Amino acid sequence: SPRSRNSASARNAPAASAKLSPAMAGIITEINGVEGQLGKKGDVLFKLDSRAVDAAVAKAELGITFAQANVDRQKKLIAAEGTSAKQVLEAEQALAGAQTELAAAKVDQTLLRGEAPMTGTLVQFDAKPGEAADSTKALAEIVDLDRLVVALRIPRAEAMDIELGQRVRLSAGTEGAPITSSIT
């Protein structure tokens, strides 16, 4: 009957969810979340040790400074006919290489941050400072609970009484408030 209190087996199937794993292996140095917390897209939920990558960024920045100074020097020398066009091109090529190294190091820095790919609720968060992490294990799962889909298995005898648009009240045992919705 439409007012049946019989239990039906159900499976929550999030319409929008994401599991978050680190893109690189490393040691977790910082966590910024707990299960049940609302996270916004772009929030940094965890960080991995970035000391080696930070050093690579600093080294690449120094490389750019040196390469730019060499390009400037070679351009002054060519004006005074004290160098060749080849050496100017080599200096410019070295500068471009240093800029590429810096860009790659900065990408590596971003890969050490676990950013929420969407807005939602953290339904699982298994990251602890000091622990090793890699891409094979999800550290967090975020779900948009406003877009939650529930799939029900209803006995055939009761399914005959169900209609589109019918109001339903779902509860998950004794935990949390019941959800009222409609059949679509």
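Fair warning: this is a prediction, and the values are worked out from it, not measured in the lab.

Now for the sheet that holds strand β4 (residues 38-39). Spatial ordering of the open sheet is given by β2-β9-β7-β4, a layout of four strands whose pairing is antiparallel. Because the sheet does not close on itself, it has two edges, and the strands there are β2 (17-20) and β4. Across four bridges, strand β7 (residues 120-125) lies against strand β9 (residues 140-143) in antiparallel orientation. Residue pairing in the sheet places Phe 125 in a bridge with Ala 140 of β9.

Side chains of Leu 152, Ile 154 and Ile 162 sit close together on the surface and give an oily, nonpolar patch of about 210 Å² of accessible area. Note on placement: Ile 154 falls in the loop between β10 (148-153) and α3 (156-159).

This paragraph deals with the sheet that holds strand β3 (residues 26-31). Working definition: the strands of a sheet are paired by backbone hydrogen bonds and lie parallel or antiparallel to each other. What the four strands build is an open sheet, ordered β6-β5-β3-β8; its pairing is antiparallel. Two strands lie at the open edges of the sheet, namely β6 (113-115) and β8 (132-133), each paired on one side alone. Pairing of β3 with strand β5 (residues 44-48), which is carried by three bridges, proceeds in the antiparallel orientation. Along β5, the bridge assignment pairs Glu 30 with Lys 47.

About the thresholds
Residues numbered from 1 in each chain as written. Predicted model: local features only at pLDDT ≥ 70, side-chain atom pairs only at ≥ 80, totals over all residues. Heavy atoms only, no water. Pairing = 2+ DSSP bridges. Helix = DSSP H or I, 4+ residues; strand = E, 2+ residues; numbered from the N terminus. Patch = residues over 30% accessible without salt bridge, like charges linked within 9 Å, V, L, I, M, F, W, Y side chains within 5 Å. Areas by Shrake-Rupley, 256 points an atom, 1.4 Å probe, with all protein chains shown as cover. Salt bridge = Lys/Arg side-chain N within 4 Å of Asp/Glu carboxyl O.

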